[in-house]
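# Topology and contacts: notes
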Amino acid sequence: MSQPAYRRILLKLSGEALMGGGQFGIDPGIMGRLAEEVKGLADTGIQLALVIGGGNIFRGEGLAGAGMDRVTGDQMGMLATVMNALAMQDALERIQVPARVMSALRIAGVCEDFIRRRALGHLEQGRVVIFAAGTGNPFFTTDSAASLRAVEIGAELLIKATKVDGVYSADPMKDPGAVFYPRLTYDQALRENLKVMDTTAIVLCRDNHIPIRVMNIHQSGALMRLIQGEAIGSLVQSGD
């Protein structure tokens, strides 16, 4: 096996990636497969952090549109990400991968509080760190949380694992003429509103020079090939 091309990465998983064929919740088979992929990365010696969305359990923004107070809805969404993080921690530990959940909300009886220095210590000791509860604030997405944590831990790459092969000019599920972008700049993604990540997330990565790789999480083995340097999916970076 070749040496990994990166020393430290942050992997952003959507909550929907955990549902499998269901309409909500966690598919144990999918969770187990993702845990095995994470184990493969960890076994290379790479330092790995995860952020998992909560859309498979609860979406605060959606219920806010139906009349729920937005702050309350977002707080419930943050708790959903904690549930997913705990499920991933359990799946990893069952295959002997040391993992720690660190929450932006204080839930001391359930998991650790997010403290940057402690997170760095876990990474340096070979533990997978799973960041939960977003940024701890309403009105911020888990994409923004992933970018923020990537900056804080000094990640060399942020991987956004989705249900599509990368970035397209339009939704490829709806528009058969959608154009695939193997490479693009942060400013192009913002200018063309390409839905790579939300605006805050892209700007954070742009201003801190963290490239974003968008890929299909359902392609078995793609993560391993990516961290070994293969051009998987779409790469978003500066135009320099």
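Just so we're clear, the structure is a prediction, and the values are computed from it rather than from any experiment.

Criteria and thresholds
For every chain, the first residue of the written sequence is number 1, and numbering continues from 1 along that sequence. Only residues with pLDDT of at least 70 get local features here, since the model is predicted, and only at 80 or more are side-chain atom pairs given and counted; chain-wide, interface and lining totals rely on the full set of residues. Each side-chain value is worked out from all heavy atoms of the structure, with water and hydrogens disregarded. Here, axes are lines fitted to C-alpha atoms. For helices the fit covers the stretch in contact, and angles between N-to-C directions go from 0 to 180 degrees. Secondary structure elements follow DSSP: runs of H or I of four or more residues count as helices, runs of E of two or more count as strands, with numbering from the N terminus. Should an angle fall under 35 degrees it is taken as roughly parallel, and over 145 as roughly antiparallel, whereas 65 to 115 is taken as roughly perpendicular and any remaining angle as oblique. Helix crossings fall into two classes, left-handed where the near helix is turned counterclockwise from the far one by less than a right angle and right-handed where it is turned clockwise. Contacts are residue-level and defined by heavy atoms, with any inter-residue pair within 4.5 Å sufficient. One requirement defines pairing of two strands: DSSP has to find at least two bridges between them. Burial classes follow relative accessibility: with a 1.4 Å probe on protein chains only, a residue under 20% of its type's maximum area counts as buried, one over 50% as exposed, and anything between as partly exposed. When two rings of Phe, Tyr or Trp (its six-membered ring) have centres within 6.5 Å they constitute a pair, described as stacked for plane angles under 30 degrees, edge-to-face for angles over 60, and tilted for the intermediate range. We call a charge positioned over a ring when the NZ of a Lys or the CZ of an Arg lies within 6 Å of the ring centre and within 35 degrees of the ring normal.

Glancing now at the packing of helix α5 (residues 142-153) against helix α7 (residues 199-207). One can describe the packing of α5 onto α7 by two numbers: an axis separation of 7 Å at closest approach and a directional angle of 15°. One finds that α5 runs roughly parallel with respect to α7. For the element pair α5 and α7, the recorded crossing hand is left-handed. Residues D143, S144, S147, L148 and V151 of α5 form the contact with α7, whose participating residues are T200, A201, L204 and C205.

Bringing the sheet that holds strand β4 (residues 112-113) into the picture now. With respect to topology, nine strands assemble into an open sheet ordered β4-β3-β5-β2-β1-β6-β10-β11-β9, the strand pairing being mixed. Edge positions in the open sheet fall to β4 and β9 (183-185), since each of these has one partner strand only. By the bridge criterion, five bridges tie strand β6 (residues 157-162) to strand β10 (residues 212-216) in an arrangement that is parallel. Of the residues in β10, the one forming a bridge with L158 is I212.

Attention now goes to the side chain of H122. Positionally, H122 belongs in helix α4 (residues 116-124). Of the residues examined, H122 reaches a relative accessible area of 7% and is grouped as buried. Once residues lying within four places of it in the same chain are set aside, the contact partners of H122 are R100, M102, E112, R127 and V129.

Turning our attention to the packing of aromatic side chains. Under the criterion given, the structure shown has two aromatic pairs. Ring centres of F114 and F131 lie 5.5 Å apart, and the angle between their planes is 85°; on these two criteria the pair is classed as edge-to-face. Of this pair, F114 sits in the loop between β4 and α4 while F131 sits in strand β5 (residues 128-132), and the two are 17 residues apart along the sequence. Like F131, F114 is buried. Above the ring of F131, the side-chain terminus of R149 is found at 5.9 Å from the ring centroid.

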